[in-house]
Structures are given as C-alpha cells and as structure tokens.
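Okay, here's what each chain looks like letter by letter:
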Amino acid sequence: MKCIATKDAVGCVLCHDITQIIKGVTKDARFRKGHVVTEEDIPVLLSLGKDQLYVWECDDTMMHENDAAEILVSLCINDHMKRSSVKEGKIELIAECDGLLKVNAAGIKTVNGFGRMMIASRHGNFMVRKGDKLAGTRIIPLVIEKEAMEEVRNECMRVTDHKPVFTIKPMVHKKVGIVTTGNEVYHGRIQDTFTPVILDKLAEFDSEVIAHQLSDDNDQKVTGMILDMIHQGADVVICTGGMSVDPDDKTPLAIKNTGATIVSYGAPVLPGAMFLLAYLEYEGRTVTVMGLPGCVMYARRTIFDLILPRVMCDDPVTSEELAALGEGGFCLNCEVCTFPNCGFGKGK
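Residues numbered from 1 in each chain as written. Predicted model: local features only at pLDDT ≥ 70, side-chain atom pairs only at ≥ 80, totals over all residues. Heavy atoms only, no water.

## Details of the overall build of the chain
Right, so step 1: Looking only at helices and strands, one finds 11 helices and 19 strands in the chain.
Right, so step 2: Rg of the C-alpha trace for the chain: 27 Å, well past the compact-globule value of 20 Å for 348 residues, more than 25% over.
Right, so step 3: Projecting the C-alpha coordinates of the chain onto the three principal axes gives extents of approximately 90 × 45 × 30 Å.
Right, so step 4: Going through the 348 residues of the chain one by one, you find that 44% of them count as buried.
Right, so step 5: Taking the contacts inside the chain whose residues are at least 6 apart along the sequence as the reference set, 66% of them involve residues at least 24 apart.
Right, so step 6: Summed over its atoms, the accessible surface of the chain is roughly 17300 Å², and 52% of this surface lies on carbon and sulfur atoms.
Right, so step 7: Across the chain, the mean location of the 38 positive side-chain charges is 3 Å away from that of the 48 negative side-chain charges. (Helix = DSSP H or I, 4+ residues; strand = E, 2+ residues; numbered from the N terminus. Rg over C-alpha atoms; globule rule 2.2 N^0.38 Å. Buried < 20%, exposed > 50% of the residue type's maximum accessible area, 1.4 Å probe, protein only. Contact = heavy atoms within 4.5 Å. Areas by Shrake-Rupley, 256 points an atom, 1.4 Å probe, with all protein chains shown as cover. Lys, Arg positive; Asp, Glu negative; His and termini not counted. Charge placed at Lys NZ, Arg CZ, Asp CG, Glu CD.)

## What to know about the packing of helix 2 (residues 65-76) against helix 4 (residues 146-159)
Right, so step 1: Relative orientation of the contacting elements helix 2 and helix 4 amounts to 5 degrees, with a least axis distance of 10 Å. By the angle between their directions, the pair helix 2 and helix 4 is classed as roughly parallel. Residues Ala68, Ile71, Leu72 and Leu75 of helix 2 form the contact with helix 4, whose participating residues are Met149, Val152, Arg153, Cys156 and Met157.
Right, so step 2: Classifying every residue of the contact of helix 2 with helix 4 gives 8 nonpolar, no polar and 1 charged. (Axes fitted to C-alpha atoms, helices over the stretch in contact; angles between N-to-C directions. Parallel < 35°, antiparallel > 145°, perpendicular 65-115°, else oblique. Nonpolar A, V, L, I, M, F, W, Y, C, P; charged D, E, K, R; others polar.)

## A word on the pattern of salt bridges
Right, so step 1: Counting across every chain of the model gives 20 salt bridges.
Right, so step 2: As a salt-bridge pair, Arg83 and Glu70 come within 2.4 Å of each other at their nearest N and O atoms. Taken as a pair, Arg83 in strand 6 (residues 81-83) and Glu70 in helix 2 lie far apart in primary sequence, 13 residues in all.
Right, so step 3: According to the relative accessible area criterion, Arg83 is partly exposed, its value standing at 33%.
Right, so step 4: A relative accessible area of 30% places Glu70 in the partly exposed class.
Right, so step 5: Across the pair Lys169 and Asp315 runs a salt bridge, and its minimum N-O distance is 2.9 Å. Remark: Asp315 occurs in the loop between helix 10 (303-312) and helix 11 (319-324) and Lys169 occurs in strand 13 (residues 166-170); sequence separation between them is 146 residues.
Right, so step 6: On the accessibility criterion, Lys169 (26% relative accessible area) is partly exposed.
Right, so step 7: Salt bridges sharing partners connect three or more residues here, namely Lys102, Lys169, Arg310, Asp315 and Glu321. (Salt bridge = Lys/Arg side-chain N within 4 Å of Asp/Glu carboxyl O.)

## A word on the pairing of strand 14 (residues 174-181)
Right, so step 1: Burial runs high along strand 14: 7 of the 8 residues are buried.
Right, so step 2: As defined by bridge partners, strand 14 adjoins strand 15 (residues 207-215) across 8 bridges and the pair is classed as parallel. Directly across from Ile178, in strand 15, lies its bridge partner His212.
Right, so step 3: Where strand 14 meets strand 16 (residues 236-240), 5 bridges bridge the pair, whose relative direction is parallel. Bridge pairing in strand 16 links Val176 to Val236. (Pairing = 2+ DSSP bridges.)

## Topic: the environment of Thr223
Right, so step 1: With respect to the helices and strands, the residue Thr223 is situated in helix 7 (residues 219-232).
Right, so step 2: You can call Thr223 buried: its relative accessible area is 9%.
Right, so step 3: As for Thr223 and Leu253, which are separated by 30 residues in sequence, their C-alpha atoms are 8.5 Å apart.
Right, so step 4: Not counting chain neighbours up to four residues away, the residues in contact with Thr223 comprise Ala254, Asn257 and Thr258.

Okay, structure coming up:
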C-alpha cells in the first residue's frame, strides 16, 4: 500500500472503500476496494475530500483488511450462525436460530489484546433470536502483516482449545412440573398469584407444563410431588414459595431430600437472593430443580430471568457462575424496564 496524490491515481487500484455521505440521502461506498481509478473518477474523488489516496502495491508480507477480517471471522463463526459479506474490512455474525449465546471471553480478550484488530459482541448467557446480530470483526489499519494474523490465529485457537469463540445453544423442548407450596394457598386463604407469573415466563420458551400441584408446608409431601413429576417425564421442576428462613419454609429441605445435588442455595442477585438450583440424575437424564423466592412473583426481573434461559437451552450452571453474578446482579428496578437491554446480570 502506498499514498499518492489523487490527481496522479489514474490506473491505480484502491485499497479500501471510499464512502460518500450526503445528509438525508445516502451513506454508502461510492468506490469499492479494488476499483481501478479512471480519469472520470478524479473530480468525484476530489469532491469527496480525497486529495490523497491509498492504493495497492504488491507486497507479499502484507494482508488487506478484508482478507484479515476473513481470518478473524473464521475464529468466531460456529453452527447456527451466518456471516455478512465483508464491507470496509468488517464482517458481522447473525443468529440463524433462537438460542443461548455463549462467548469465550478469553478468546475475545486474546484477539483484542494484540492491537490493530478487534472482535466486539453482545453479552453471553443471554437469549438471541433468529436474525439478531451477534458480533462484528475487523482490523483497524487498511493492511496488516500476514505474520501478525497468523500469530493471532494460533494464539486464539490455543486459548479456546481450537473451538470457535461463539456458540449458540438452541432452545430445547422442556417438559415442566410446577409445585406451588404454602399453607395460605393450599387452604384457600389467598389466591395463587405465583403460578401465572411462572407460566408467562415459560411461554417465552419451547416448554410444556405437564403437571401442577399445590402443597401445604409439608416437606415430605413436596419431595414426593417433585419425584412424581420427574417420574412423569419432567425435565424441569419449579417449586414456588417456602424458600425463606421461617419455620414453615420447608422447600429447600424438600428439594434436598429428593437426592438432587444442590448447586447453590442463595445467589448474589437482587431480587432473588433466596434462589435454589439443583440437578437430579434420573434414568440417564439430568433434571433441573429450582426453588424460587417470593420476589419472582412481584418483581419484573429477578434471578429467574437470568437462569431460566440457560436451563431451557441445556446449559448447566455452576456455583462459580452464580457467584460471579454479584457484579451486575443488582436490578435498578427502572420505571421503564428495558431488560435484557440493560446492565442486569451482565458482570464479568
């Protein structure tokens, strides 16, 4: 690549797209990379404010921005994604199905740490819908050393164990059981306003509620209901109520007595601190059991909104991941809720 005066550029090959901006009319490339400049192009280029141009000169050690972008996108793209065409050295990834976006943070950090190149993405562990943009890649200069691109390719593949930086876990059909606990609901003292909230949230996913039972604050009864729903084929069992520390709150004990492995009782998220997550192995399949605190019934967004997408896309949650939710785990309860387009649940 070399820089020459525009008036001397006839016959030269442009190294990059040249954009024309006319307010309210257009913002697009007037001349594309690879265009051979003609005598007629000179006045147009000058009118675009281009008194000098970068034009291509053969150098086997250098790589054009478009070719470098192809290398970056090859490190990122995975199943259930498609890519855009390259434009001004940039390529974007687009979701081809509904699912959970997983991001290898070490891979992104490795690429961006090299300088002169970048990957930018939306947050991982959140749902994306078919057609959503996922990420963009590009290099910063017009040309870059081939050696640098080979180095970043090798290092990124090393830290990602030769796997793509991005993954979409498609939504999975889930059979769900709901156990509503509490003496006040069981004996008809108050109306069950918790279950409708759960049903509304499940409706956003590929789910099928196969059982719903009411129980008083009897841990043995709740344990039996959970196991019965699992025997019926439930992939997920959601227990509402009885998650606090009052004498009548027996749901955590009931879940424990099913034999499930408790990932965590408690989460650094507000609303939702008294959340319980467990997994139970049953006849060769893993069943998710959740105990939901009362805040899920009345707060617009809670820990349940952060964990449910992962459950519905078969993405196991670890205690370490729950602990990491502390940064970003404080919902501001905005007057106008914009979740998931806000900071809730988006820590490190």
